[in-house]
Amino acid sequence: SAVISQKPSRDICQRGTSLTIQCQVDSQVTMMFWYRQQPGQSLTLIATANQGSEATYESGFVIDKFPISRPNLTFSTLTVSNMSPEDSSIYLCSVERDSNEQFFGPGTRLTVL
Amino acid sequence: LAKTTQPISMDSYEGQEVNITCSHNNIATNDYITWYQQFPSQGPRFIIQGYKTKVTNEVASLFIPADRKSSTLSLPRVSLSDTAVYYCLVGDDDYKLSFGAGTTVTVRA
């Protein structure tokens, strides 16, 4: 298994500002993922973050809006830039282990006013 | 990634068996079928994964017919704490998870 923590757990932000979300894993992992879950909706994959390479973004998500860092094998950050109320969501990171099983963090609940 | 279809919601009572069927008509040869559970205010949690026939673990069973165009997650003797959203996912080893709408299971006393 993997133990994943995220900071902050929740935040309320003003329109036009940016928020950086941190994801910390208790062991080294190659692949980390960032998801968004809008209120009452399912999860949508934002990007895949591998250490030592640029993140790979899914359709509808761009680096300028959601820059991602992956400085080492246990840590990643997702920044939500120039926020608008439509960015209000839960943002979750996850990691992949050898068994094709993904482990998810508790999520960061973001509210943009 | 294969598209999946699940019932939106299901109601049950404590001690009953809950069976959730997922349709995945365009499943590919290399695809696995995976189920996740999500409680409110938590990230999804892996339940079970299978490729064909039947898989059982301490939490659930997964039944997959020969044509693999559907699968059924079986939760034996549910309790109130099994109230959650259950997601059926189909995919190969490219690690990308595509979550559908999920099934909200409500267990009543």
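Provided above is the structure to which this section pertains.
A few points on the structure.

Basis of the calculations
Residues numbered from 1 in each chain as written. Chains lettered and ligands numbered in written order. Predicted model: local features only at pLDDT ≥ 70, side-chain atom pairs only at ≥ 80, totals over all residues. Heavy atoms only, no water. Helix = DSSP H or I, 4+ residues; strand = E, 2+ residues; numbered from the N terminus. Rg over C-alpha atoms; globule rule 2.2 N^0.38 Å. Buried < 20%, exposed > 50% of the residue type's maximum accessible area, 1.4 Å probe, protein only. Contact = heavy atoms within 4.5 Å. Areas by Shrake-Rupley, 256 points an atom, 1.4 Å probe, with all protein chains shown as cover. Lys, Arg positive; Asp, Glu negative; His and termini not counted. Charge placed at Lys NZ, Arg CZ, Asp CG, Glu CD. Buried area = accessible area lost by both parts, 1.4 Å probe. Salt bridge = Lys/Arg side-chain N within 4 Å of Asp/Glu carboxyl O. Polar contact = N/O pair within 3.5 Å; in protein donor to acceptor, adjacent residues only side chain to side chain. Nonpolar A, V, L, I, M, F, W, Y, C, P; charged D, E, K, R; others polar. Phe/Tyr/Trp six-rings, centres within 6.5 Å; stacked < 30°, edge-to-face > 60°. Disulfide = S-S within 2.5 Å.

## Some remarks on the overall build of chain A
Along chain A, the regular secondary structure elements total 0 helices and 11 strands. Reading the secondary structure of chain A in the N-to-C direction produces β-β-β-β-β-β-β-β-β-β-β. Here the C-alpha radius of gyration of chain A, 13 Å, is about what a compact globule of 113 residues would show, namely 13 Å. Its C-alpha atoms give chain A principal-axis dimensions of roughly 40 × 25 × 20 Å. Relative to its 113 residues, chain A shows a buried fraction of 52%. Considering only residue pairs separated by 6 or more positions, chain A has 53% of its internal contacts joining residues 24 or more positions apart. Surface accessibility of chain A: about 5400 Å² in total, with carbon and sulfur atoms responsible for 47%. Put simply, chain A has 8 plus and 10 minus side-chain charges, and the middle of one group is 8 Å from the middle of the other.

## Topic: the interface of chain B and chain A
Taken together, the contact pairs 17 residues of chain B with 19 residues of chain A. Taking both partners together, chain B and chain A bury about 1400 Å²; carbon and sulfur atoms supply 52% of that area. For the pair chain B and chain A, the interface holds 0 salt bridges. Our count for the contact surface shared by chain B and chain A stands at 4 residue pairs in polar contact (both at pLDDT 80 or more). Those elements that place two or more of their residues in the side of chain B that touches chain A are β3 (32-38) and β4 (45-50) of chain B. The leading source of residues in the side of chain B that touches chain A is β3 of chain B, at 3 residues. Each residue belonging to the side of chain B that touches chain A can be placed in one class, and the counts come to 9 nonpolar, 6 polar and 2 charged.

## Looking at the packing of aromatic side chains
The full count for this structure, using the stated rule, is 10 aromatic pairs over all chains. Ring centres of Phe-104 of chain A and Phe-99 of chain B lie 6.0 Å apart, and the angle between their planes is 75 degrees; on these two criteria the pair is classed as edge-to-face. Of this pair, Phe-104 of chain A sits in strand β10 (residues 102-104) while Phe-99 of chain B is found in the loop between β8 (84-91) and β9 (103-108), placing the two residues in two different chains. Take Phe-104 of chain A and Phe-99 of chain B: they sit in the same class, and that class is buried. Considering the side-chain rings of Tyr-36 of chain B and Phe-46 of chain B, the 5.8 Å spacing of their centres and the 85 degrees angle between planes classify their relative orientation as edge-to-face. You can see Tyr-36 of chain B sitting in strand β3 and its partner Phe-46 of chain B sitting in strand β4, a full 10 residues away along the chain. This pair shows no difference in class: Tyr-36 of chain B is buried, exactly as Phe-46 of chain B is. Three or more aromatic residues joined by ring pairs form one cluster here, namely Tyr-35 and Phe-104 of chain A together with Tyr-36, Phe-46, Tyr-87 and Phe-99 of chain B.

## Topic: unusual backbone geometry
A cis geometry characterises the amide bond from Lys-7 of chain A onward to Pro-8 of chain A, with omega recorded as -10 degrees. Assignment of secondary structure puts Pro-8 of chain A in the loop between β1 (4-7) and β2 (10-13). The backbone phi angle of Ser-41 of chain B is positive, close to 65 degrees, even though this residue is not glycine. Looking at where Ser-41 of chain B falls in the secondary structure, it is placed in the loop between β3 and β4. Residue Ser-41 of chain B is classed as exposed on the basis of its relative accessible area of 55%. In this model, Arg-77 of chain B sits at a positive phi of 45 degrees, which is unusual for a non-glycine residue.

## Side note on the state of the cysteines
Evaluated as defined, the whole model comprises 2 disulfides over all chains. Sulfur-sulfur distance for the disulfide between Cys-23 of chain A and Cys-93 of chain A comes to 2.0 Å. Taking the sign of the torsion about the S-S bond as the criterion, the disulfide between Cys-23 of chain A and Cys-93 of chain A, at about 75 degrees, is right-handed. Of this pair, Cys-23 of chain A sits in strand β3 (residues 19-25) while Cys-93 of chain A sits in strand β9 (residues 89-96), and the two are 70 residues apart along the sequence. Each member of the pair, Cys-23 of chain A as well as Cys-93 of chain A, carries the same accessibility label: buried. Across a sulfur-sulfur distance of 2.2 Å, Cys-22 of chain B and Cys-88 of chain B are joined as a disulfide pair. The chirality of the disulfide connecting Cys-22 of chain B with Cys-88 of chain B is left-handed, given an S-S dihedral of about -80 degrees.

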